[in-house]
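A structural walkthrough
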Amino acid sequence: MARIIVVTSGKGGVGKTTTSAAIAMGLAKKGHKTAVIDFDVGLRNLDLIMGCERRVVYDFVNVINGEATLNQALIRDKNCNQLYILPASQTRDKDALSQEGVGKILDELRKEFKYIVCDSPAGIEKGAHLAMYYADDAFIVTNPEVSSVRDSDRMLGILSSKSRRAELNEEPIKEYLLLSRYSPDRVKLGEMLSVEDVQDILSLHLLGVIPESKSVLNASNSGMPVILDEKSDAGQAYADIVDRYLGEDRPHRFIDEDKGFFRKLFGGK
Amino acid sequence: MSLLDYFKISKESTASLAKERLQILVAHERSSRNQPSYLPQMQKELLEVIRKYINVGQDAISVSFEQDEDQETLELNIVLPDLQPKNT
């Protein structure tokens, strides 16, 4: 059975596209056939983060309008043959996406893919609504910062009342917290909300903490999902997140200020 | 004790301030999220009716809506003004 994952946050700039690219790549690298869809019509950027911006011919809206087939629009990833990208359209028409259109495409994708990752736009407008509407699982990307936490809570309200599962009275969407841009040393100084603080407020299951990391900008600069940078802390954090999502037991890392996990384990300096 | 520790103890951290503010805000927003959409309008109309008869302030009325598994409760509270002392 295919699972549809929405990566959402309400607030912009918290790392939704970075996360979508990373977890889609992570799932595909684990051998699961995965599609990642950009729902940000008019402001597409997933293609750039995935490094396939020059291979976009057809897009999501072309497929909905019947101007191209799904297979024509899907771009196979250059690093992993189990991963496909469906880019957003650059049209300025806000109503380019329709609920039935999106539903039809997702049904078609479900037949072929194990995981379908929906990269939501910021805000709570139509694109964000459609990205989460058909979801089975929701990854709530939150920064340890007041406006992001508030918007995440607002998003949780929308997931539990406006989704297909909510409307049909089915089992609710499974919600997971991904706390990104985390700085353990600032938390220690009392300058940043801690993991526990955010969990106290949102009461969500923590899937993982992604530390503030230089590797994220380096990855987007070069069009490689950060999870491929296996040496980087952010890359490892996303790899852990994928493993945990798939049911493997991975202790949480990157929460304490001492970055060297092994150094801490062996009591080194 | 280092100088840093001294500052940490003497001043409330901004993180705990953030948490406190968020807890209050989120609780408030969650309670209003589950309310029926007619509630604000109903509250306004009720207040108008009451004000025809009793001179109460705009904030003298509070409506709260609660929902559990098998029932919905609508609680209406009106604070009446203090009785005027009788003229002799």
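Further up the page is the structure itself.
The following paragraphs examine the structure supplied in this document. As the structure is a computational prediction, the values presented were derived from the model and not from experiment.

Some words on the overall build of chain A
- Within chain A, the regular secondary structure consists of 13 helices and eight strands.
- Computed over the C-alpha atoms, the radius of gyration of chain A is 18 Å, within 12% of the 18 Å expected from 2.2 N^0.38 for a compact globule of 269 residues.
- For chain A, the spread of C-alpha atoms along the principal axes amounts to about 60 × 40 × 35 Å.
- Counting over 269 residues, chain A shows a buried share of 55%.
- With an accessible surface of roughly 12,400 Å², chain A has 47% of that area assigned to carbon and sulfur atoms.

Focus on the interface of chain A and chain B
- Counting from both sides, the interface comprises 16 residues of chain A and, opposite them, 14 residues of chain B.
- Both sides of the chain A and chain B interface together cover about 1,400 Å² of buried area, and 58% of this is carbon and sulfur.
- When the buried surface of chain A facing chain B is broken down by residue, Arg150, Asp153 and Ile201 of chain A rank first, second and third, together holding 39% of it.
- Remark: the boundary between chain A and chain B carries four salt bridges.
- Seen at the junction of chain A and chain B, the total is seven residue pairs in polar contact (both at pLDDT 80 or more).
- Looking at the side of chain A that touches chain B, the elements with two or more residues in it are α7 (146-162) and α10 (195-202) of chain A.

A few points about the packing of helix α6 (residues 126-133) of chain A against α7 of chain A
Residue and element names in this part refer to chain A.
- One way to put it is that α6 packs onto α7 with a least axis distance of 10 Å and a crossing angle of 60°. With respect to α7, the element α6 is oriented oblique. Helix-helix and strand crossings are classified by hand; for α6 and α7 the assignment is right-handed. Between α6 and α7, the residues in contact are His129, Met132 and Tyr133 and Ile158, Leu159 and Lys162, respectively.
- Partitioned by chemical class, the residues of the contact of α6 with α7 number four nonpolar, one polar and one charged.

Let's talk about α6 of chain A
Residue and element names in this part refer to chain A.
- When you tally the buried positions in α6, you get six out of eight residues, the bulk of the element.
- Turning to α6, its buried residues number three or more, namely Gly127, Ala128, Leu130, Ala131, Met132 and Tyr133.
- On the buried face of α6, the contacting elements are β1 (3-8), α5 (99-112), β5 (115-119), α7 and α8 (164-167).

Observations concerning the sheet that holds strand β4 (residues 83-86) of chain A
All names here are of chain A.
- Strand order in the open sheet made by the eight strands is β3-β4-β2-β5-β1-β6-β7-β8, with mixed pairing throughout. The open sheet terminates on both sides in strands that have one partner only, identified here as β3 (75-76) and β8 (205-211).
- Pairing of β1 with β5, which is carried by five bridges, proceeds in the parallel orientation. Counterpart to Ile5 in the pairing with β5 is Val117.
- Packed onto the sheet, helix α1 (residues 16-29) meets β1, β2 (34-38), β4, β5, β6 (137-142) and β7 (174-182) and runs at close to 170° relative to β5.
- The strands that helix α12 (residues 233-245) touches are β1, β5, β6, β7 and β8; relative to β8, the one it contacts most, it runs at about 165°.

Description of the pairing of strand β1 (residues 61-67) of chain B
All names here are of chain B.
- Of the strand pairs in this sheet, β1 and strand β2 (residues 72-78) are connected by seven bridges, and their pairing is antiparallel. If you follow Gln67 over to β2, its bridge partner there is Glu72.
- Where β1 hands over to β2, the hairpin turn is made up of four residues, counted between the paired strands.

Here we look at the pattern of salt bridges
Residues and elements named next belong to chain A.
- For the structure shown, the criterion picks out 19 salt bridges over all chains.
- Note that Asp107 and Arg110 form a salt bridge whose closest N and O atoms lie 3.5 Å from each other. On the criterion of helical spacing, the pair formed by Asp107 and Arg110 is a turn pair, its members being three residues apart in helix α5.
- Here Asp107 falls in the partly exposed class, since its relative accessible area comes to 42%.
- Arg110 sits in the partly exposed class, given a relative accessible area of 25%.
- With its nearest N and O atoms 3.0 Å apart, the salt bridge here joins Arg250 to Asp243.
- Among the residues examined, Asp243 registers a relative accessible area of 8% and is labelled buried.

Thoughts on the packing of aromatic side chains
Residues and elements named next belong to chain A.
- Within the structure shown, the criterion is met by seven aromatic pairs over all chains.
- Geometrically, the ring pair formed by Tyr133 and Tyr134 is edge-to-face, given 4.8 Å between the ring centres and 85° between the ring planes.
- Counting every residue linked through ring pairs, the aromatic cluster contains Tyr115, Phe139, Tyr176 and Tyr245.

Some details on a nonpolar patch on the surface
- A surface patch of nonpolar side chains, amounting to about 570 Å² of accessible area, comprises Val49, Tyr53, Ile54, Leu76, Ile78 and Leu80 of chain B.
- Within the fold, Leu76 of chain B resides in strand β2.

Quick notes on the rules
Residues numbered from 1 in each chain as written. Chains lettered and ligands numbered in written order. Predicted model: local features only at pLDDT ≥ 70, side-chain atom pairs only at ≥ 80, totals over all residues. Heavy atoms only, no water. Helix = DSSP H or I, 4+ residues; strand = E, 2+ residues; numbered from the N terminus. Rg over C-alpha atoms; globule rule 2.2 N^0.38 Å. Buried < 20%, exposed > 50% of the residue type's maximum accessible area, 1.4 Å probe, protein only. Areas by Shrake-Rupley, 256 points an atom, 1.4 Å probe, with all protein chains shown as cover. Contact = heavy atoms within 4.5 Å. Buried area = accessible area lost by both parts, 1.4 Å probe. Salt bridge = Lys/Arg side-chain N within 4 Å of Asp/Glu carboxyl O. Polar contact = N/O pair within 3.5 Å; in protein donor to acceptor, adjacent residues only side chain to side chain. Axes fitted to C-alpha atoms, helices over the stretch in contact; angles between N-to-C directions. Parallel < 35°, antiparallel > 145°, perpendicular 65-115°, else oblique. Left-handed = near helix turned anticlockwise from the far one by under 90°. Nonpolar A, V, L, I, M, F, W, Y, C, P; charged D, E, K, R; others polar. Pairing = 2+ DSSP bridges. Phe/Tyr/Trp six-rings, centres within 6.5 Å; stacked < 30°, edge-to-face > 60°. Patch = residues over 30% accessible without salt bridge, like charges linked within 9 Å, V, L, I, M, F, W, Y side chains within 5 Å.

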